[in-house]
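Structure assessment
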Amino acid sequence: MVMETGIRGSMPSFKQDELDFSSFDQSSMNNGFILRDEVQSLLNSSSLDDKLSGRESPDRYPDVFNDIVLNYINRMLMEEDMDEKLDIYHEPSALQAAEKSLYDVLGEKYPPSPDQPPLYTDSESPGTDNSGNPYSSSHSSFQSSSSSFSSSNSFSNVTQGLEESLLNMGWVPDISMDSFRKGVEEARKFLPSDDQLVITLENSTGSGFVSSYSSSSPPSVNQVKVEERHGSRGRKNPHSDDSDPEDQRSNKQSAVFYEEETVRTPMFDDVLLCKFNCVAQAQALRAAVEREASKGVVQDEKQSKKTRGKKQTKKEVVDLRTLLIHCAQAVSADDRRNAGELLKQIRQHSSPHGDGTQRLAHCFANGLEARMAGTGSKIYNNFMSQRRSASDVLRAYQLYLSACPFKRISHFIANRTILDLAQNQQRLHIVDFGIYYGFQWPCFMQTLANRPGGPPKLRITGIELPRPGFRPAELVEETGHRLTDYARSFNIPFEFNHIAAKWETIRLEDIKIEKDELLVVNCLYRMKSLADETVAADSPRDMVLNLIRRMNPDLFIHAITNGTYNAPFFVTRFREALFHFSALFDMLENNVPREDTQRFLIERDLFGRDALNVIACEGLERVERPETYKQWQARNLRAGFEQLPLKPELVRHAVSKVRTVYHKDFIIDEDSKWLLQGWKGRITYAISMWKPQSY
């Protein structure tokens, strides 16, 4: 039966003695979709008045009301904006308004639902309160902190009321109510459950999400509702894991503010104040690696005994480094077929949880695959936009300190040089380019507090790159809170200023240099991310060095990543990067157990992220551009700096620490006033001291 008035499109016909939802397919639902206004128009139409007044045959009443009920259910199922309106009760209000109009036609009084806010009365308009004043925003939210709307309960109330009305009015003498209930149950399956509609973020350090607020207490400032887009019915996820953050910002998003982490915990003190026994930690890690290796040998022996006397299949041995280089050559030549075959072979023999070579191959295969797909910059931007808690980073940092000496030695040389220079100073200003989490400074503050005569007034200006998202200075602000707490505990007069901007855009007046203060500029391993002459005529790398020169610091501490993988040609750059990261993965393989979760974090979020950028990004998108220490030496001299010699006693102490605490394959040496560090003959990091040339 086709309705002829007030219906958009046509509705499927139904027999009078049954209501079968199985024939109500998706196309029919789309064709039969109507709005509440059209329902009201239908109810007010003359044809319906004729039906209700008895001028039409009574056997047609069920068909009229069936179309109304089906379209009413269809309205509930096809509502596109349900997910976005639940927290302010827009959807239940619309449903109740439609239900109320049906009750008005039936001549019955509309019963208010016990679990829903009451609709406005006839004397009240939707936009005014009882006194005639417009609703405030808080009133229109219908108590957003109360328990979340239950779609299943509301649906049950509506259908139950319709069912009772049909029976009482005698409109459906021939309709099977069991069939009606069955159809309603089928329709209910399309509705989302309560816990899929609204989620809240209790805190940033807890397990994550809860289904709703407690109805007895309002949400806190840090509890922010976020929209559940990945599980929305009838929609595909508009944001994949490798989506561009620029594209994401063009869509409607909820601003999620995280609860500020605990500024300081006993774990922070143990690591940042060097309370943990570094020697014991390093020895424990090496012992675990040795146990792991011996366990592997025993398993191999057992396997060989089981297969002794049997026909053994030869285990395929592949050279993953050679395969990676051949694959890079095929990618460079745009030989996708050969590159795909090589990549498939590499995937079969690599793993993020295997040995060092297998993990390296897995990491570089990801980069090659992203380069072939053209998604390198998107994946890298997603890496950079991910929020990692300071606690997780601290655990990885502790493992890194225990496994290798690179960070510890750099901090020791830098801090001791500053302390010796500031012995008799009353005001000390440290400008830290790339302060990150500020892990270098708590131990420095502890030593500075014990200085004879008391500590000086300490100012730290922390400079970081802006983070993508709503709070570009979030990281450096948290660092400032943490350092302020440490300075307070050590009774050090302290001031922290932060700058979150591209370094080449910073002006001299932004640093706020004051007279009669000792000025130290500190930059450890971060200038490799600045663009060079191959990208822009005015090199940001030289612009930052010129800024430091104009600051006229008393000391400039410069630590660099010693790398040769900055070539403009892809294959050459890939090969040099492969050699560099092979040393780092091999270093972890020999010093950290494979099952250590923090090792996986370092390999994925530190080494893997940098390798991905080197392999899969070009032009301005490639930010990993290291140079050798000799190249940096020439660049610093050209910028107007004079190199200072390293103090012999500091070098001797550093060499002794590396050789007595860490693995024997770590190297530490001095060359051209640079302190060099590396693994198995490959120099990976270097540090030196500078001051502006005097003219």
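Residues numbered from 1 in each chain as written. Predicted model: local features only at pLDDT ≥ 70, side-chain atom pairs only at ≥ 80, totals over all residues. Heavy atoms only, no water.

What to know about the overall build of the chain
Rules: We count a stretch as a helix when DSSP gives it H or I for four or more residues in a row; a strand needs E for two or more, and each element gets its number in order from the N terminus. For each residue, the accessible area found with a 1.4 Å probe, counting protein chains only, is set against the maximum for its type, and the residue is called buried under 20%, exposed over 50%, and partly exposed in between. Any pair of residues with heavy atoms lying within 4.5 Å of one another is described as a contacting pair. We get accessible surface area from the Shrake-Rupley algorithm with a probe of 1.4 Å; when it comes to residues, only the shown protein chains can shield them.
A tally of helices and strands in the chain yields 25 helices and 12 strands. Expressed as a percentage of its 695 residues, the buried residues of the chain come to 47%. The long-range share in the chain, meaning contacts at least 24 apart out of those at least 6 apart in sequence, stands at 76%. Put simply, the chain shows about 34,500 Å² of open surface, and 49% of that area lies on carbon and sulfur atoms.

A short note on helix α23 (residues 597-616)
Basically, it comes down to this: Two axes define the bend at a residue: one fitted to the seven residues ending there, one fitted to the seven starting there, and the bend is the angle between them. We call two N or O atoms a polar contact when they sit within 3.5 Å, provided that within protein one can donate a hydrogen and the other can accept it, with sequence-adjacent residues counted only if both atoms are side-chain atoms.
The largest bend along α23 measures about 40° and falls at Gly-608. Most of α23 is tucked away: 15 of the 20 residues are buried. Near the N-terminus of α23, the side chain that reaches the backbone nitrogen of Gln-598, with its oxygen 2.8 Å away, is that of Asp-596.

A look at the packing of aromatic side chains
What counts, and what does not: Stacked, tilted and edge-to-face are the three classes assigned to paired rings of Phe, Tyr and Trp, where Trp is represented by its six-membered ring and a pair needs centres within 6.5 Å; plane angles under 30 degrees give stacked, over 60 edge-to-face, the rest tilted. The rule is short: NZ of Lys or CZ of Arg within 6 Å of the ring centre and within 35 degrees of the ring normal puts a charge over the ring.
According to the stated counting rule, one finds 20 aromatic pairs in the structure shown. Pairing Tyr-662 with Phe-666 gives two aromatic rings, centres 6.1 Å apart and planes at 75°, and the pair type is edge-to-face. In this structure Tyr-662 comes out as buried when scored by relative accessible area, which is 5%. Measuring from centroid to centroid gives 4.8 Å for Phe-666 and Trp-679, while their planes differ by 65°, and the two rings are edge-to-face. Here Trp-679 lies in strand β11 (residues 674-679) and Phe-666 lies in strand β10 (residues 666-671), a separation of 13 residues in the sequence. For Phe-666, a relative accessible area of 6% puts it in the buried group. Taken together, the aromatic side chains of Phe-406, Tyr-525, Tyr-662, Phe-666, Trp-679 and Tyr-685 make up a single cluster linked through ring pairs. For the cation-ring pair, Arg-371 lies above Phe-570, with the distance from its terminal atom to the ring centre recorded as 3.9 Å.

Here we look at the pairing of β11
Convention followed: Strand pairing follows a simple DSSP-based rule, namely that at least 2 bridges must link the two strands.
Summarising burial for β11: six of the six residues are buried, a large majority. By the alternation rule, side chains of β11 split into Trp-674, Leu-676 and Gly-678 and Leu-675, Gln-677 and Trp-679, which are all buried. For β10 and β11, the ladder comprises six bridges, and the chain directions are antiparallel. The residue of β11 that forms the bridge with Asp-671 is Trp-674. Counting the residues that bridge the hairpin from β10 to β11 gives two residues, and of these Ser-672 lies at a positive phi of roughly 50°. Alignment of β11 against strand β12 (residues 682-692), held across five bridges, turns out to be antiparallel. Bridge pairing links Leu-676 to Ala-686 in β12. Here β11 hands over to β12 after two residues, with Lys-680 in that stretch at a positive phi of 50°.

Some words on the pattern of salt bridges
Where charged atoms from two side chains of opposite charge approach closely, those side chains can pair. The line we're drawing: We define a salt bridge as a contact between a side-chain nitrogen of Lys or Arg and a carboxyl oxygen of Asp or Glu at a distance within 4 Å.
Per the counting criterion, the structure on display carries 30 salt bridges. Asp-586 is paired through a salt bridge with Lys-680; the nearest N and O atoms lie 3.0 Å apart. In this pair, Asp-586 sits in helix α22 (residues 570-591) while Lys-680 sits in the loop between β11 and β12, placing the two residues 94 residues apart along the sequence. On the accessibility criterion, Asp-586 (25% relative accessible area) is partly exposed. Among the charged side chains, a network of salt bridges with common partners joins Arg-359, Glu-589, Arg-594, Arg-599 and Glu-603.

Thoughts on the packing of helix α16 (residues 376-385) against α23
Our working definition: Here, axes are lines fitted to C-alpha atoms. For helices the fit covers the stretch in contact, and angles between N-to-C directions go from 0 to 180 degrees. Angles below 35 degrees are treated as roughly parallel, those above 145 as roughly antiparallel, those between 65 and 115 as roughly perpendicular, and all remaining angles as oblique. Here a crossing is taken to be left-handed if its near helix is turned anticlockwise relative to the far helix by less than a right angle, and right-handed if that turn runs clockwise. Note on residue categories: nonpolar means Ala, Val, Leu, Ile, Met, Phe, Trp, Tyr, Cys or Pro, charged means Asp, Glu, Lys or Arg, and polar means any other residue, Gly included.
α23 packs onto α16 with a crossing angle of 155° between their chain directions and a minimal axis gap of 9 Å. Between α16 and α23, the angle is such that the two are roughly antiparallel. In the packing of α16 onto α23, the handedness of the crossing is left-handed. Facing α16, whose interface residues are Gly-376, Ile-379, Tyr-380, Phe-383 and Met-384, α23 presents Arg-604, Asp-605, Arg-609, Leu-612, Asn-613 and Ala-616. A per-class count over the contact of α16 with α23 returns six nonpolar, two polar and three charged.

Considering helix α19 (residues 441-449)
To be explicit about the condition: By construction, the arc corresponds to the directions joining the helix axis to the C-beta atoms.
All of the buried residues in α19 are Trp-441, Pro-442, Phe-444, Met-445 and Leu-448. For α19, the angular spread of buried residues about the axis comes to 160°, placing them on one side.

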